[in-house]
Structures are given as structure tokens and as C-alpha cells.
Amino acid sequence: MYAHVQLGVRNLRAMVAFYDAVLAEVGLSRFTSLERMGPAGVVWPNPGLRWPQFVLNEPFDGKPATTANGSQISLLCASRDEVDAAWNAALRHCATDVGKPGLRPRYAPDFYAAYCLDPEGHKLCFVHTGP
């Protein structure tokens with residue numbers, strides 16, 4: 001299990017607005033205000049839990065943030081409807097479609113997922129498995 005996923009971003013304010021809209025669809029709500037952000041960055045925890053967390057920050061080394069080819073953040077959704085809602089929210093907030101919601105039997109018979117690139121190019125997957 002991971003403690004947190006952290007993405008380095010170029011435009012923190014714009015990306016916080018994007019992730020506020022998208023992560024709300026998978027049950028995460030932002031803990032950190034931009035005005036009170038500390039060195040840990042902007043944090044979206046699971047309600048009532050300390051971990052796991054989703055975190056945005058500008059890179060610590062001061063260099064521009066970049067995306068990693070072949071990397072992907074996959075967010076587990078409670079239902080297929082939640083996959084659809086998260087993907088649609090992402091597209092409404094300037095994400096790029098790289099895979100419409102649907103079954104992906106090459107991974108598993110019940111693997112229902114949708115894919116997009118966030119406004120800065122990070123690949124996201126919204127996934128639900130099971131009935």
C-alpha cells in the first residue's frame with residue numbers, strides 16, 4: 001500500500017482547481033488551502049483517514065515539472081458510475097481523453113476503466129472492478 005502519490009506541477013493554482021473537481025468524484029476532499037500550504041504541498045486525504053493521500057506540489061529542486069512517459073496514477077472508484085463521473089469531470093476541466101469508459105478484458109474480465117491526461121499531461125486512470 002502506498003502512503004501518498006505526489007505530482008509535481010507547473011501551475012499549482014490551476015491544477016488544484018482541476019483536482020478539486022476530479023478527486024471529489026472519487027470521494028477525496030482537499031485538506032490544504034493554497035494560502036496555508038506548507039512544504040508537504042496541497043493534500044487530498046481519504047475522509048477520516050490520514051493515509052493514503054493525493055498530493056500536488058511544485059518540484060522541490062526548482063526545476064520545471066515534467067510528466068513521466070509510461071507512468072500513470074490509477075484511482076480506485078466505488079462503481080462504474082463513479083468511473084464515468086470522474087472521467088467526465090476531468091474532461092470538463094480541460095483533460096485530454098485517452099480512453100473512454102469501458103471494460104478492459106485484457107486486464108481482467110471485470111476491469112472497467114477510463115483514461116485521460118490532466119491539463120499538464122499526467123496520465124490518470126479511473127478504475128472499478130467487481131460487480
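Up top is the structure.
Remember, it's a predicted structure, so these values are computed and weren't measured experimentally.

Trainee: It is not clear to me how the pairing of strand 3 (residues 53-57) should be interpreted in this structure. Could you clarify?
Mentor: Successive residues of a regular strand alternate their side chains across the two faces of the sheet. The buried fraction of strand 3 amounts to five of the five residues, a majority that puts the element mostly inside the structure. As paired elements, strand 2 (residues 42-45) and strand 3 share four bridges and run antiparallel to each other. What sits directly across from valine 43, in strand 3, is valine 55.

Trainee: Sorry, what's going on with the sheet that holds strand 1 (residues 4-8) here?
Mentor: Sheets are built from strands that pair by backbone hydrogen bonding, the pairs being arranged parallel or antiparallel. Spatially, the three strands line up as an open sheet ordered 1-3-2, and their pairing is mixed. Bordering the open sheet on either side are strand 1 and strand 2, each of which pairs with just one other strand. Averaged over all pairs of adjacent strands, the angle between their axes in this sheet comes to 15 degrees, without regard to strand direction. Here strand 1 pairs with strand 3 via five bridges, running parallel. Bridging across to strand 3, leucine 7 finds its partner in leucine 56. Lying over the sheet, helix 1 (residues 12-24) contacts strand 1, strand 2 and strand 3, oriented at roughly 160 degrees with respect to strand 3.

Trainee: I'm lost on the pattern of salt bridges in this one. Help?
Mentor: Scanning the entire structure with this criterion turns up two salt bridges. A salt bridge links aspartate 20 to arginine 30; its shortest N-O distance comes to 2.7 Å. Here arginine 30 lies in the loop between helix 1 and strand 2 and aspartate 20 lies in helix 1, a separation of ten residues in the sequence. Residue class for arginine 30 comes out partly exposed when judged on its relative accessible area of 33%. Ionic pairing is found between lysine 100 and aspartate 97, a salt bridge with its closest N-O pair at 2.7 Å. The exposure class assigned to lysine 100 is exposed, which follows from its relative accessible area of 54%. Assessed through its relative accessible area of 30%, aspartate 97 is described here as partly exposed.

Rules used in this analysis
- Residues numbered from 1 in each chain as written.
- Predicted model: local features only at pLDDT ≥ 70, side-chain atom pairs only at ≥ 80, totals over all residues.
- Heavy atoms only, no water.
- Buried < 20%, exposed > 50% of the residue type's maximum accessible area, 1.4 Å probe, protein only.
- Helix = DSSP H or I, 4+ residues; strand = E, 2+ residues; numbered from the N terminus.
- Pairing = 2+ DSSP bridges.
- Axes fitted to C-alpha atoms, helices over the stretch in contact; angles between N-to-C directions.
- Contact = heavy atoms within 4.5 Å.
- Salt bridge = Lys/Arg side-chain N within 4 Å of Asp/Glu carboxyl O.

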